[in-house]
Amino acid sequence: MAPDAAAAAAAGKKRKRYLPHNKPVKKKGSYPLRPGVQGFFITCDGGREHQASREAFNILESFYEELVHGENPGAKGLPKKPMNTKITFDSSSSEDEEDDEEEQQEEAEEKEDKKHKTEEKDNDDDANCGNETEAKSDAPKIDDPHAEAVDKADDDKGEVENKADEPPAMKECSKTDPPPTCDSKEKVEQKSIDRLIEEELEELGDKTKRRFLKLDSGCNGVVFVQMRKKDGDKSPKDIVHQIVTSAASIRKHMSRFILRILPIEVSCYASKEEISRAIKPLVEQNFPAETQNPQKFAVLYEARANTGVDRMEIIDAVAKSVPAPHKVDLSNPDKTIIVEIARTVCLIGVIEKYKEFSKYNLRQLTSRKA
């Protein structure tokens with residue numbers, strides 16, 4: 001037995017040496033859904049989970065930015081090109097016509113005056129030129145060798161003085177580099193922008209720094225997007241409420257593959273004891289025991305790929321966790337407690353106006369008949 005075990009251990013060590021960098025091979029694809037996460041429970045058509053997850057990333061990012069920065073993508077903006085239109089009134093039309101006629105007459109008179117002035121000036125210039133040419137032709141030419149020599153000497157003396165006034169030529173070694181131009185500044189700015197883009201791409205490529213991450217639910221037609229919430233960030237409930245209110249008001253299709261989107265604030269193992277323990281902070285937040293405005297609520301239960309959990313047992317456990325001032329009303333509830341079970345994980349959330357918002361179905365909200 002001992003030799004066989006030693007041989008097996010040696011064979012295992014040999015196999016590990018052939019792996020890249022002596023590290024185990026990582027599993028490709030998304031991580032499985034697990035308890036203790038927050039995010040969004042999304043339903044879609046079967047076989048369209050990948051397309052629905054990509055749509056969900058775009059929608060969640062856009063509406064998260066809208067909540068943070070206060071932008072409204074559905075609002076109509078101002079026109080890009082200004083409308084240069086001339087406004088005229090009936091009472092002032094006759095006065096405007098008379099003013100236009102007077103201005104045209106004045107412009108015509110000014111053009112005629114300028115034309116006469118230019119003609120007179122041209123005639124005077126022609127006469128002056130003719131007199132000068134006649135005077136030059138009448139002047140006699142005198143050949144004086146002494147005068148030519150004096151003029152040549154004066155020209156040589158002027159050239160020497162001009163050379164003396166000129167600064168000495170700079171040597172090549174004394175020349176300094178020119179100051180930085182606009183092109184060099186633009187290159188520096190471009191490098192800094194490129195560096196910022198690279199850093200942002202690195203951050204997006206790092207899964208540990210992403211705000212939204214897809215988790216494998218293990219169920220057909222179900223996508224779960226995890227939200228890594230930090231202190232001060234908006235909750236999944238706020239984001240989903242913004243999405244459905246915008247879809248109901250604009251009535252514009254924002255998704256092709258997504259059917260329903262529900263916020264998940266608590267997740268635990270799918271058992272009666274774990275659900276009763278995990279739902280307590282969520283109930284205290286949405287259904288306080290001491291309140292003057294008791295609310296009506298309902299429990300929405302649905303299970304996928306799990307037949308070992310009793311439906312009525314889970315519904316009773318969730319309903320009993322809500323304190324007495326609040327009552328159950330299945331026909332017209334103010335708030336709805338969502339209980340979605342996917343395999344062995346239970347996902348819980350609280351939403352408002354479930355029926356008014358077409359059960360949070362984006363297709364029905366954006367359809368014209370809704």
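Everything numeric here is computed off the predicted structure, so don't read it as measured data.

## So, the overall build of the protein
Inference 1: From N to C terminus, the protein includes 10 helices and 10 strands.
Inference 2: For the protein, the residues scored as buried account for 27% of the 370 residues in total.
Inference 3: Within the protein, residue pairs in contact and separated by at least 24 positions form 78% of the contacts whose partners lie at least 6 positions apart.
Inference 4: Element-wise, carbon and sulfur atoms account for 50% of the exposed surface of the protein, whose accessible area totals about 27900 Å².

## A closer look at the packing of aromatic side chains
Inference 1: Under the criterion given, the structure shown has five aromatic pairs.
Inference 2: Aromatic pair Y354 and Y360: ring centres 6.3 Å apart, planes at 20°, arrangement stacked. Y360 matches Y354 in its accessibility class, with the two residues each being buried.
Inference 3: Between F357 and Y360, the aromatic rings sit 6.0 Å apart at their centres with planes inclined by 90°, giving edge-to-face as the arrangement.
Inference 4: Classification of F357 by relative accessible area gives buried; the value is 11%.
Inference 5: For Y360, a relative accessible area of 2% corresponds to the buried category.

## Comments concerning the packing of helix α2 (residues 49-69) against helix α6 (residues 236-250)
Inference 1: Where α2 meets α6, the closest approach of the two axes is 10 Å, and the angle between their N-to-C directions is 100°. Comparing their axes, α6 and α2 come out roughly perpendicular. In this structure, α2 contributes I59, L60, F63, Y64, E66 and L67 to the contact, and α6 contributes D238, I239, Q242, I243 and S246.
Inference 2: Its residues assigned to classes, the contact of α2 with α6 shows seven nonpolar, two polar and two charged.

## Here's the deal with the sheet that holds strand β10 (residues 345-352)
Inference 1: With respect to topology, five strands assemble into an open sheet ordered β6-β10-β9-β7-β8, the strand pairing being mixed. Unpaired on one side and paired on the other, β6 (266-269) and β8 (327-328) mark the two borders of the sheet.
Inference 2: The strands that helix α9 (residues 311-320) touches are β7 (296-304) and β9 (335-342); relative to β7, the one it contacts most, it runs at about 145°.

## Structural notes on the side chain of S217
Inference 1: Looking at where S217 falls in the secondary structure, it is placed in the loop between β3 (212-216) and β4 (222-227).
Inference 2: For S217, a relative accessible area of 4% puts it in the buried group.
Inference 3: A distance of 3.0 Å separates a polar side-chain atom of S217 from the backbone oxygen of V222.

## Topic: α9
Inference 1: Of the residues making up α9, those classed as buried are I314, I315, A317 and V318. One side of α9 carries all its buried residues, which in axial view fall inside an arc of 160°.
Inference 2: Looking at the buried positions of α9, the neighbouring elements they touch are α7 (272-278), β7 and β9.

## Let's talk about the pattern of salt bridges
For side chains bearing opposite charge, pairing can occur when the charged atoms are close.
Inference 1: Overall, the coordinates contain eight salt bridges when judged by the stated rule.
Inference 2: When the shortest N-O distance is used, the salt bridge between E340 and R260 registers 3.8 Å. Taken together, the positions of E340 in strand β9 and R260 in strand β5 (residues 258-264) put the pair 80 residues apart, joining distant regions of the chain. Neither residue differs from the other here; E340 and R260 are each classed as buried.
Inference 3: One salt bridge connects D329 with K296, and the closest N-O pair in it is separated by 3.7 Å. Highlighted residues: D329 in the loop between β8 and β9 and K296 in strand β7, separated in sequence by 33 residues.
Inference 4: One salt-bridge network, held together by shared partners, links R260, E302, R304 and E340.

## A short note on the nonpolar core
Inference 1: F40 and I239 are the most contacted members of the largest nonpolar core, which totals 40 residues.
Inference 2: It is α2 that provides the largest number of residues to this core, a total of six residues.
Inference 3: With sequence-adjacent residues up to four places away left out, F40 is seen in contact with L60, F212, V223, F224, V225, M227, P236, I239, V240, I261 and L262.
Inference 4: The next biggest cluster of nonpolar side chains, apart from the first, holds 23 residues, and it includes I275, A278, I279 and V350.

## Things to note about the sheet that holds β4
Inference 1: One open sheet holds the five strands; their spatial order is β1-β3-β4-β2-β5, and the pairing between them is mixed. The outermost strands of the open sheet, each flanked by one partner alone, are β1 (31-32) and β5.
Inference 2: Across five bridges, strand β2 (residues 39-44) lies against β4 in antiparallel orientation. Of the residues in β4, the one forming a bridge with F40 is V225.
Inference 3: Against the sheet, α2 makes contact with β2, β3, β4 and β5, and its axis sits at roughly 155° relative to β3, the strand it touches most.
Inference 4: Across the sheet, α6 touches β2, β3, β4 and β5, and the angle it forms with β5 is around 145°.

## Quick notes on the pairing of β4
Inference 1: With six of six residues buried, β4 lies mostly within the body of the structure.
Inference 2: A two-sided burial pattern is seen for β4, the buried positions comprising V222, F224 and Q226 on one face and V223, V225 and M227 on the other.
Inference 3: Between β3 and β4, which pair antiparallel and follow one another directly, the connecting turn spans five residues, one of which, G218, has a positive phi of 80°.

The rules behind each value
- Residues numbered from 1 in each chain as written.
- Predicted model: local features only at pLDDT ≥ 70, side-chain atom pairs only at ≥ 80, totals over all residues.
- Heavy atoms only, no water.
- Helix = DSSP H or I, 4+ residues; strand = E, 2+ residues; numbered from the N terminus.
- Buried < 20%, exposed > 50% of the residue type's maximum accessible area, 1.4 Å probe, protein only.
- Contact = heavy atoms within 4.5 Å.
- Areas by Shrake-Rupley, 256 points an atom, 1.4 Å probe, with all protein chains shown as cover.
- Phe/Tyr/Trp six-rings, centres within 6.5 Å; stacked < 30°, edge-to-face > 60°.
- Axes fitted to C-alpha atoms, helices over the stretch in contact; angles between N-to-C directions.
- Parallel < 35°, antiparallel > 145°, perpendicular 65-115°, else oblique.
- Nonpolar A, V, L, I, M, F, W, Y, C, P; charged D, E, K, R; others polar.
- Pairing = 2+ DSSP bridges.
- Polar contact = N/O pair within 3.5 Å; in protein donor to acceptor, adjacent residues only side chain to side chain.
- Arc of directions from axis to C-beta.
- Salt bridge = Lys/Arg side-chain N within 4 Å of Asp/Glu carboxyl O.
- Core = buried A, V, L, I, M, F, W, Y, C linked by side-chain atoms within 4.5 Å.

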